[in-house]
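# Close look at the chain arrangement
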Amino acid sequence: MSAAISVSFLTTPSLQQRPFSLLPPCNLSSPFSVRFRTSNGRHLIPPRASNDNNEPQQLTETTVSAVPSNSSTMITVQNEDSLDSTLFLIRARNRIGLLQVITRAFKILGLTIERATVELEGEYFVKSFFVTDSDGKKVEDTESLERIKEALVDAIDGDGSVSGSGGVGLVSGRGVVVRKAGLGMESGERKAKVEKMFGFMDAFLKNDSFSLQKDILDHVEYTVARSRFIFDDFEAYQGLSYSVRDRLIERWHDTHRYFKKKDPKRLYFLSLEFLMGRSLSNSVINLGIRDQYADALNQLGFEFEVVAEQEADAALGNGGLARLCACQMDSLATLDYPAWGYGLRYQYGLFRQIILDGFQLEEPDYWLNFGNPWEIERVHVSYPVKFYGTVEEEGIQGQTIKVWIPGETVEAVAYDNPIPGYGTRNAINLRLWAAKPSDQYDMESYNTGDYINAIMDRQKAETISNVLYPDDRSYQGKELRLKQHYFFVSASLQDIIRRFRDDHNNFDEFPEKVALQINDTHPSLAIAEVMRVLVDEEHLDWSRAWDITSRVFSFTTHTVHAEALEKIPVDLLGNLLPRHLQIIYEINYKFMEELKSMIGQDYDRLSRMSIVEEGAVKSIRMANLSIVCCQIVNGVSKVHLDLLKERVFKDFYELWPQKFQYKTNGVTQRRWVVVSNPNLSSLISKWLGTESWIRNVDLLAGLRQHVSDPDLQREWKMVKKVNKARLAEYIETLSGIKVSLDAMFDVQIKRIHEYKRQLLNILGIIHRYDCIKNMETSDRRKVVPRVCIIGGKAAPGYDIAKKIIKLCHVVAEKINNDADIGDLLKLVFIPDYNVSVAELVIPGSDLSQHLSTAGHEASGTGSMKFLMNGCLLLATADGAIVEIMEEVGADNMFLFGAKVNEVPALREKGASLKAPLQFLRVVRMVRDGYFGFKDYFKSLCDTLEDGKDFYLLGYDFASYLEAQAAADRTFVDPEKWIHMSILSTAGSGKFSSDKTIEEYAKHTWGIEPCKCPF
């Protein structure tokens, strides 16, 4: 059982205090090392002091202090010959500010602390200070040593001042002598200066309204370079953001200093996508200073909400995987795990969606045009990344090693983004890499006068990190995408290995200190890269290197079909990364030999499991490489794991069942409730009687106790109406369409894809329109009014998805302009859907549709965001929906469609599978040109008829209409609808990313929380 830890603070009037262990002491050449002891004296962190051979120094006692008998302080001096400084061992009862008192005393005495360690023993601290005089030499004069000890005792046991006849000064020769006050030392001035420096270093930035206003105005004037007397909303946003970033950096530095001292096992989270959204609101809420900033801005004449709207979304990803990674980074910070995120700093992100006459057009998303105040460029953190070239053999110490001679080198420059946790001091780092030309080649071109080539090389290098997922339909596109993957992997691993080697020299310790998480197969080249570093650069033998590599990686796949798994043509890989292809071949050879010994000569199975795929285009299967190497293979829902075991990776599961796990994806309630739906957040806190649910999401279940309370139902309904009003205002501003707040807001927002079946939704809307159009006027009064909202982007080369977007617009034009329909039905397409738009749409939704053909959605985090916000779900039993059913109950959802196990048999029926008449009618309306563009939609209609309905829209259509009718019946019973809405939020706790991360930490990564002390 470890001893209780008491963190000392330096008492400085009117300043918030820093913990001593995080304070960078004045003029120290190395930081303090803090060591805590358990009751049996065992060190939790080993001593740092070492000699040149990295062996612990044996310190022998040479001088023992005599201190007053009434003092609890013990001071021992050691001047062993092996030491290059004098060691003062001080044992004293802990009290506030003690460390600062001692360091200040040494400073005033004219001594320099070269390094220091601190151990905790119950209520006592044992402090070791290695000090030198102002010549950098040991203090050996006995008289001087005694007087130093007397001064230290006086300072420790007294009021913290260094008393006596004066300071200590250096005379010619070794050691120090007592110097009388006022004789050449200017001791009062020096003491005042040192105390002031400690005061500055020991204080956090203050968060009162006046201090925040001053910081904002200072940044407006000195960082943004605008007059503090005349600046607009955007400049206010910039000043505000830099002010918030200052406070993030405080926590960020403290956290990483603490991580370095504790030296825990660290997680490195590798993902090509992080869809972070806006940072301002999330940061101030996690820092706990949102209200203070709102008040400060209000006094300056600005509104926080208006200023926050000036921020652009960080365009660093696309869809659910990217947003999932952002949620997981938030949870890692909040739960105090020692983690780093690594990704790419895309210059243009994915693309900006423009709708022109109903057609999707793509434009670059110039999200960095006005700068990004949240990132910190680390020009001193850059690594060379190599491409092309040849592999040669060299003999070193009797061994033949491979040497990769690159043909091209680019530089990876780091951009850091602090990620704050909620309710904690921890702030972790998301490091993004940008590609720059190598200085060497740049200078060679300039020196030879080849300026055009220099410019072209620069542009070629920077292209690597310009755009997320470059179009890979051409060879050049495939090569650029592979370059992007390896650039990301190489830079990240160089940084990770450099950090490991700062404190460790033995790579056998690598798996005990490093966990590498591969998110999908994009970073899988990291496996070959680690092997290359260990074998070629560290000269480890293959078996030792493979043992290390196979214990550091874990792999999460989001794929549900083997056909969608990533493959790299061998010719392309061999040209761009010749050494890596050799390594992958060697991995595969050894794996195949091992596999033959286990399963015999089953060549079909050997062929399926091989990392190298033979065929017309010989390729490397990156998923197979990941499974062979990684210690854990994760699915992202219970349904997904079943698909992996039974279909996608069946052969591997039968070989290594222990490798396969699932961690259901989650979303962070801090972003998707607290930030995006503050009214609901306040209401939940009011009825639970605590805000603790923001960190402990299981507490949401407490809402079930109040679900029938009419006061809660009334307040819940009012919050929903306010959110719908915000969304209605946005829709009117966007499209000019006015919508009724009494209508059901029916929403489907996600990436446009055939399997997500936005087309099923649109056909259902056409059926609804057709029914209303053919009703008697008296019957129309019974219709539940609906506002149908669809949003999402189609991949630039995905023709069918783009036609679905166009169909949505022509149907909307027909419905919204039909006087017979009025407010009974509206259809709105929201362009350029992103995180910020989702934060507006989700809280204002009544019904959310999740229509994927069963067995095609790995998880589906969108449903979780709606669930947390009390939105009812209309969905198929796919992905995480199955687990949502278990938590909230199927009777609180509207379910329809074929089940996962039914889909294969239904597809086998082909053209014999008959669709209902309602489906055939609405498809015929589109095919016959009822909405125009008859020829354009022909190929879209062809995908639904004559046995080509792969995604089973026709089969599921009747069931879909029944679920829609059930939603209508429930909506006209407001009490029942609100009851179901409250239960949805109450049952959403399992789907927090906090839960997901805790599972990963325990069962996959083997990491523990490392909470930075306040």
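From a predicted model like this one, the values you see are computed outputs, not experimental measurements. (Residues numbered from 1 in each chain as written. Predicted model: local features only at pLDDT ≥ 70, side-chain atom pairs only at ≥ 80, totals over all residues. Heavy atoms only, no water.)

## Thoughts on the pairing of strand β28 (residues 847–850)
The criterion, for reference: Each residue's exposure class comes from its accessible area (1.4 Å probe, protein chains only) as a fraction of the maximum for that residue type: buried when under 20%, exposed when over 50%, partly exposed otherwise. Strands here mean DSSP runs of E at least two residues long; helices mean DSSP runs of H or I at least four residues long; both are numbered from the N terminus. Criterion used throughout: strands pair if DSSP finds at least two bridges between them. For the handedness criterion, the strands are oriented away from the viewer, and a crossover whose path from the first strand over the helix to the second runs clockwise is classed as right-handed.
Side chains of β28 alternate between two faces, with Leu-847 and Gln-849 and Ser-848 and His-850 buried alike. Sheet topology note: the β28/strand β29 (residues 872–875) ladder contains four bridges and is parallel. Pairing of His-850 across the sheet is with Ala-875, part of β29. Read as a crossover between parallel neighbours, the route from β28 over helix α29 (residues 861–868) to β29 is right-handed.

## Looking at the nonpolar core
As a reminder of what qualifies: Residues enter a nonpolar core if they are buried and are Ala, Val, Leu, Ile, Met, Phe, Trp, Tyr or Cys, with the set joined through side-chain atoms within 4.5 Å. Contact criterion: two residues are considered in contact whenever any of their non-hydrogen atoms come within 4.5 Å of each other.
Core analysis: the biggest nonpolar cluster contains 122 residues, and Leu-332, Phe-387, Trp-433, Phe-487, Phe-553 and Trp-1005 have the highest contact counts within it. Sorting elements by how many residues they give to this core places helix α12 (residues 475–503) first, with 10 residues. Those residues in contact with Trp-1005 that sit more than four places away from it in its chain are Lys-265, Leu-267, Phe-269, Leu-332, Ala-515, Gln-517, Ser-554, Ile-997 and Tyr-1000. Of all hydrophobic cores here, the second largest spans 60 residues; its members include Val-697, Ile-737, Leu-840 and Leu-873.

## Description of the packing of aromatic side chains
Quick note on the threshold: The pairing test for Phe, Tyr and Trp rings, Trp by its six-membered ring, is centres within 6.5 Å, and the orientation test on the planes gives stacked under 30 degrees, edge-to-face over 60, and tilted for anything in between. Ring-over charges, as used throughout, are those where CZ of Arg or NZ of Lys falls within 6 Å of the ring centre and within 35 degrees of the ring normal.
Taken as a whole and judged by the stated rule, the model has 32 aromatic pairs. Ring centres of Phe-269 and Trp-1005 lie 6.5 Å apart, and the angle between their planes is 85°; on these two criteria the pair is classed as edge-to-face. Highlighted residues: Phe-269 in strand β9 (residues 266–270) and Trp-1005 in helix α36 (residues 993–1005), separated in sequence by 736 residues. Take Phe-269 and Trp-1005: they sit in the same class, and that class is buried. With 5.7 Å between their ring centres and 80° between their planes, Tyr-653 and Phe-660 make a pair best called edge-to-face. We classify Phe-660 as buried; its relative accessible area is 8%. Put simply, the rings of Tyr-268, Trp-340, Tyr-342, Tyr-383 and Trp-433 touch in pairs and so form one group of aromatic residues. Residue placement shows Arg-115 over the ring face of Phe-130; its charged tip is 4.2 Å from the ring centre. The ring of Tyr-1000 carries Lys-663 above its face, with NZ or CZ at 5.1 Å from the centroid.

## Details of the pattern of salt bridges
Filter applied, for reference: Basic side-chain nitrogens of Lys or Arg form a salt bridge, by our definition, when they fall within 4 Å of a carboxyl oxygen of Asp or Glu.
Considering all chains together, one arrives at 67 salt bridges under this definition. Here Arg-278 makes a salt bridge to Asp-313, at a shortest N to O gap of 3.6 Å. Of the two residues, Arg-278 is situated in the loop between β9 and α6 (280–287) and Asp-313 in the loop between α8 (304–308) and α9 (319–334); the sequence distance between them amounts to 35 residues. Under the relative-accessibility criterion, Arg-278 is labelled buried at 17%. A relative accessible area of 13% means that Asp-313 is categorised as buried. Residue Glu-654 pairs with Arg-605 through a salt bridge whose shortest N-O separation is 3.9 Å. In this pair, Glu-654 is assigned in helix α21 (residues 650–655) and Arg-605 in helix α18 (residues 603–609), connecting sequence segments 49 residues apart. Taking the relative accessible area as the measure of exposure, Glu-654 reaches 45% and is therefore partly exposed. One continuous salt-bridge network, built from bridges that share partners, spans Arg-378, Asp-416, Arg-431, Asp-495, Arg-498, Arg-499 and Asp-502.

## A closer look at the state of the cysteines
Our working definition: Whenever a pair of cysteine sulfur atoms sits within 2.5 Å, that pair is classed as a disulfide.
All chains considered together, the criterion is met by zero disulfides. Left unpaired, Cys-630 is separated from the closest cysteine sulfur, that of Cys-629, by 5.1 Å. Its relative accessible area of 0% is what places Cys-630 among the buried residues. As a non-bridged cysteine, Cys-1012 has Cys-1010 as the owner of its nearest cysteine sulfur, 8.2 Å distant. For Cys-1012, a relative accessible area of 0% corresponds to the buried category.

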